[in-house]
Structure formats: structure tokens, C-alpha cells
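The lines below spell out each chain.
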Amino acid sequence: MRFETKAIHGVRTPEKGVENWGNTINLATTFPIKEYNVMQEFEYSRVMSPTRKDFESLVAQLESGKHGFGFASGMAAITSIFTMFKAGDHFVLGLDIYGGTFRIMNDVFRQFGFESTFVDMTDLGKIEAAIRPNTKAIFVETPSNPLLDVTDIRGVVAIAKKHELLTIVDNTFMSPVLQRPLELGADIVLHSATKFLGGHNDIVAGAAVVNRDDLAEKITFAQVAMGALVSAFDSWLLLRSMKTLKLRVEKAQANTLKLLDFLRSHPEVEKVYYPTAPDNKGKTIQESQAEGGGSVFSFTVKSEEKAKSFFENLKVALFAVSLGGVETLVTHPSSLTHTEFPEEEKVARGVTRTLIRVAVGIEDADDLIEDFKQALAK
Ligand SMILES: *Cc1c(COP(=O)(O)O)cnc(C)c1O
């Protein structure tokens, strides 16, 4: 089956019978034991529950993997996965990694003896140079936020294989519609399902997918031990949302290309950042590992006052953090999502006061263009 068909019919199995064909939700936390001293698949829902199992199966199918895992949030997925490592282990991550991932490595796991080095992930040489004898994994998030820099997933996988490390990819920004890291050789792919998989800005959830049975065993153990799981209700909402994943991702990407065309020729706009923009040095890599640039982009305007009035005057797009939902959201990275960095460091990285990030939704493109036009005119 191909992507859209799997998304719609992937968890419909004949064994379940007609009364349980795939649209059902099972909220039970305990399941009566059928036979004394015989283990059964469903006993207690932290260990396994039917609706979570369906979600996990579907996300695995869409990421071209064998084993899927549902978590309470993207951060719960990342946290739980890292518990497979031990004190003294070292990790290489991107300098512009998601803030929550930076925080968990720097402020939490460091206390437990994990070591991390943050490098410019657009440079494979710098990634390889950061590897130490105790390095265990390279953690990739591509494209990066908010400047949409691209990391060469195949290149990282080759380095990781040479040094016997795991490649972990946060695939939140692309979704499995546009990029499937396991097909490129990654070992673990993970998501904030709060974004595209959920898609409607009303679920907080996370997911991970692997092919290797030994990794699946470790992640299953982490799920049961930590218990940071997605609920049955949210699993069911996710199953419903994922049926339209491809339609949503493609429409949002098409809207993005139209908005970019409009902004590129706008006199108030200085520069746009997008993975497949002609001046993005990762353009060719993006085109070789993903089907398009996605629906998140950033742009700069000529002054901070212009940025402020743009946010204040939007009538369709919302001034809000997050991405991957049906609503277009615009945010100001400098004051909202990258607050943990000192001003000079932000500016050095390109996260200036005049930078605006846009997470494009699936509204009518002309309404979005008109909205941006009137907000930039104020
Ligand atoms: C939102 C996000 C996360 C964290 O996910 P939550 O569901 O908010 O815990 C991790 N990585 C990326 C790239 C994200 O955008």
C-alpha cells in the first residue's frame, strides 16, 4: 500500500472483526486475565493498550519502520529514548536544536552524567570532529528552527556507521509525508506529534519509530518504566488526524510556496529563509532527502517596529508559537522561542529582533497573502 492508503486503512485488520474495524477507541486501563498464569497482550494499559497500539502501528507504517511508540509529548519521546544511555556517554547535537532538547541535555541529563557537544550540523566535518571515544549517538533535527538550515541525513548516517554510533532524527518539521529518515539509514526517528501528526493544535503527543528489534526492546522498556505515554483518547484523535496528514502537509506546502513568492518581491521584506530557497546552502541536500521544503519559513523585515506592527495587525494568521496545524501561526523567535540565549548570541546566529517565523496552515492561499499584505502595509 502507498502512503495515503496506509494512512486511512493501515490499522484495519481482518482479525479484529467488523465491530472493531479501526475507528474504535478503547479507554480501559485494565483487561481481565483470560487464563491463570498465561501472559496476554493487554493486561494493564501503561504496558500496552489497543488504541495506543493502533497509533503506534500506523506511525511505524508511515515512517517505513517496523516498531512504533507513542508518548505523552515530543519531549517525553526524547526523554524516554535517552534513558537507554548511561552516565559518561557523550552525544553530538545541533547548535540550533529545538530549545526543549537543548534544555533536557544541558539542564537535566548533564546532572546524570551525560555529556553533549553542540555543533553546526550543516558541516559534516564539524560533526565528525566532535566525536569522542565515549560518543554514543548523533542527534539530528533537519531543517533547523528558525533559519531552516539543512543537515545531510545520509552524510550523518555514514559518519555514525563508521564510528558505530546511533543516528537519531527529530523529523517533526518534515513529517513522514516529506522525509522518512529510516529509509536514509537513521536508527531512530522521532516526532512531536503535537505538530503535523496531530495537525489541529489540540493534542500534545510524541512518537518514535525504529526498525531494529534491539532498539525496540529498549524503547518498550522505557515506555513501561517511565510511563510517559500518549493516552487512548489522544491516540484515537491522532489516528483520525493522520488520515488527512498527506492532504494537510501538501496543501500547507503549496500555500507556503505562494506566500514565499509574494514576500520575495515585497519592499518591506529583506530576506526569506526556506530549505529549498536558491540561497540556502542545503538546497540540493534537501531536494535529495525530502519531497520539498515543507511549510515552515522565516523572513526578516527592515525594522523591529515593522515586525511588531505585522504581528499586531494580522487578521487571519495567529501570533502564536507551534507549527504543523491547520491554522497559520506566526511567531517572533527572538522574544518567544529562543529566550534562553543571550542577545549577542541570538544575533550572531541570525535570530534577530526583525526575524519572523511562519508556520503555514491550510487556509486559502489568497486570504493569507492578503492578510500578510495588509499587515505589512501598516
Ligand atoms: C515541538 C517540538 C518538540 C517538542 O515536542 P512537544 O510535543 O512540545 O513536547 C521537539 N522537537 C521539535 C522539532 C519540535 O518542534
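Residues numbered from 1 in each chain as written. Predicted model: local features only at pLDDT ≥ 70, side-chain atom pairs only at ≥ 80, totals over all residues. Heavy atoms only, no water.

Asks: What is the right way to look at the pattern of salt bridges in this model?
Replies: Between side chains of opposite charge, pairing is possible as soon as their charged atoms come close. Counted under the stated rule, the structure contains 20 salt bridges. Note that K162 is salt-bridged to E128, the shortest N-O span being 2.7 Å. Of this pair, K162 sits in helix α6 (residues 153-162) while E128 is found in helix α5 (residues 124-129), placing the two residues 34 residues apart along the sequence. Classification of E128 as partly exposed rests on a relative accessible area of 26%. E312 is the partner of K308 in a salt bridge, and the nearest nitrogen-oxygen pair spans 3.1 Å. (Salt bridge = Lys/Arg side-chain N within 4 Å of Asp/Glu carboxyl O. Helix = DSSP H or I, 4+ residues; strand = E, 2+ residues; numbered from the N terminus. Buried < 20%, exposed > 50% of the residue type's maximum accessible area, 1.4 Å probe, protein only.)

Asks: Sorry if this is basic, but what is going on with the environment of D366 here?
Replies: Here D366 lies in helix α15 (residues 365-377). Separated by 316 residues in the primary sequence, D366 and P50 place their C-alpha atoms 43 Å from one another.

Asks: How do you make sense of the side chain of Q289 when you look at a structure like this?
Replies: On the secondary structure map, Q289 appears in helix α11 (residues 283-289). Not counting residues within four places of it along the chain, the set of residues in contact with Q289 comprises T142, V150, T151, D152, I153, R154, L178, Q179 and L184. (Contact = heavy atoms within 4.5 Å.)

Asks: Just checking my understanding: could you explain the sheet that holds strand β6 (residues 188-192) for this structure?
Replies: Pairing between the strands of a sheet comes from backbone hydrogen bonds, and it takes one of two forms, parallel or antiparallel. The strand order β1-β7-β6-β5-β4-β2-β3 describes an open sheet built from seven strands, whose pairing is mixed. Pairing within the sheet leaves two strands with one partner each, and these edge strands are β1 (67-71) and β3 (115-119). For this sheet, the mean inter-axis angle between neighbouring strands, taken without regard to orientation, is 20°. Bridging between strand β2 (residues 90-94) and β3 involves five bridges; their strand directions are parallel. Bridge pairing in β3 links F91 to S116. Running at roughly 155° to strand β5 (residues 166-170), α6 makes contact with β4 (135-141) and β5 of the sheet. Taken strand by strand, helix α8 (residues 213-226) contacts β1, β5, β6 and β7 (206-210), and its axis lies near 20° from that of β1. (Pairing = 2+ DSSP bridges. Axes fitted to C-alpha atoms, helices over the stretch in contact; angles between N-to-C directions.)

Asks: Looking at this structure, how should I read the nonpolar core?
Replies: For soluble globular proteins, the rule of thumb is that nonpolar side chains tend to be buried together. Counting 37 residues, the largest nonpolar core has F55, V59, L62, L197, L238, M242 and L245 as its most contacted members. When residues of this core are assigned to their parent elements, the largest contribution, five residues, is made by helix α2 (residues 50-62). Split by domain, this core shows at least three residues from each of two domains, domain 1 (3-242) and domain 2 (246-377). With 29 residues, the next largest nonpolar core counts F71, F139, I188 and I219 among its residues. (Core = buried A, V, L, I, M, F, W, Y, C linked by side-chain atoms within 4.5 Å. Domains from an automatic or database assignment.)

Asks: Would you mind going over the pairing of β6 with me for this structure?
Replies: Where a strand is regular, its side chains alternate between the two sheet faces. When you tally the buried positions in β6, you get five out of five residues, the bulk of the element. Residue alternation in β6 divides its side chains into two sets, I188, L190 and S192 and V189 and H191, and both sets are buried. Across three bridges, the pairing between β5 and β6 is parallel. Paired with I168 across the bridge in β6 is I188.

Asks: Is there a simple way to think about the packing of aromatic side chains in this case?
Replies: Two aromatic rings, taken as a pair, are described by how far apart their centres are and by the angle between their planes. Tallied over the entire structure, the rule returns 15 aromatic pairs. Seen in terms of ring centroids, F82 and F85 are 5.6 Å apart; in terms of plane orientation they differ by 50°. Their pairing is tilted. Assigned by exposure class, F82 and F85 land together as buried. With a centroid separation of 5.2 Å and an interplanar angle of 80°, the aromatic rings of F310 and F372 are classed as edge-to-face. Residue F310 is located in helix α12 (residues 304-313), and its partner F372 is located in helix α15; the two are separated by 62 residues in the primary sequence. Across the pair, exposure class does not vary: F310 and F372 are buried alike. In this structure an aromatic cluster arises from ring pairing among F82, F85, F91, F109, F114 and F139. Positioned above the aromatic ring of Y273, the side-chain terminus of K271 is 4.7 Å from the ring centre. (Phe/Tyr/Trp six-rings, centres within 6.5 Å; stacked < 30°, edge-to-face > 60°. Lys NZ or Arg CZ within 6 Å of the ring centre and 35° of its normal.)

Asks: How do you make sense of a negative patch on the surface when you look at a structure like this?
Replies: A cluster of acidic side chains, namely D364, D366, D367 and E370, defines a negative patch on the protein surface. Looking at the secondary structure, you find D364 in the loop between β12 (355-359) and α15. (Patch = residues over 30% accessible without salt bridge, like charges linked within 9 Å, V, L, I, M, F, W, Y side chains within 5 Å. Areas by Shrake-Rupley, 256 points an atom, 1.4 Å probe, with all protein chains shown as cover. Lys, Arg positive; Asp, Glu negative; His and termini not counted. Charge placed at Lys NZ, Arg CZ, Asp CG, Glu CD.)

Asks: Explanation requested: the site of the ligand in the structure shown.
Replies: Neighbouring residues of the ligand: 13 residues in total, closest M75, D170, S192, T194 and K195. Within the side chain of T194, a nitrogen or oxygen atom sits 2.6 Å from an oxygen atom of the ligand. Here the ligand loses 91% of its free accessible area of 380 Å² to cover by the protein chains. A per-class count over the shell around the ligand returns five nonpolar, five polar and three charged. (Near = heavy atom within 4 Å. Polar contact = N/O pair within 3.5 Å; in protein donor to acceptor, adjacent residues only side chain to side chain. Nonpolar A, V, L, I, M, F, W, Y, C, P; charged D, E, K, R; others polar.)

Asks: Help me understand the domain arrangement of the protein, please; the structure alone is not making it clear to me.
Replies: Where interface size is given, it is often the accessible area lost as the parts come together that is meant. When its domains are assigned, the protein resolves into domain 1 (3-242) and domain 2 (246-377). Averaged C-alpha coordinates put domain 1 and domain 2 at centres separated by 26 Å. Tallying the contact residues gives 35 residues for domain 1 and 38 residues for domain 2. Together domain 1 and domain 2 conceal approximately 3,100 Å² of surface at their shared face, both sides included; 57% is due to carbon and sulfur atoms. Sorting the residues of domain 1 by area buried against domain 2 places L147, L178 and F196 first, and these three jointly supply 22% of that buried surface. At the boundary of domain 1 and domain 2, one finds two salt bridges. (Buried area = accessible area lost by both parts, 1.4 Å probe.)

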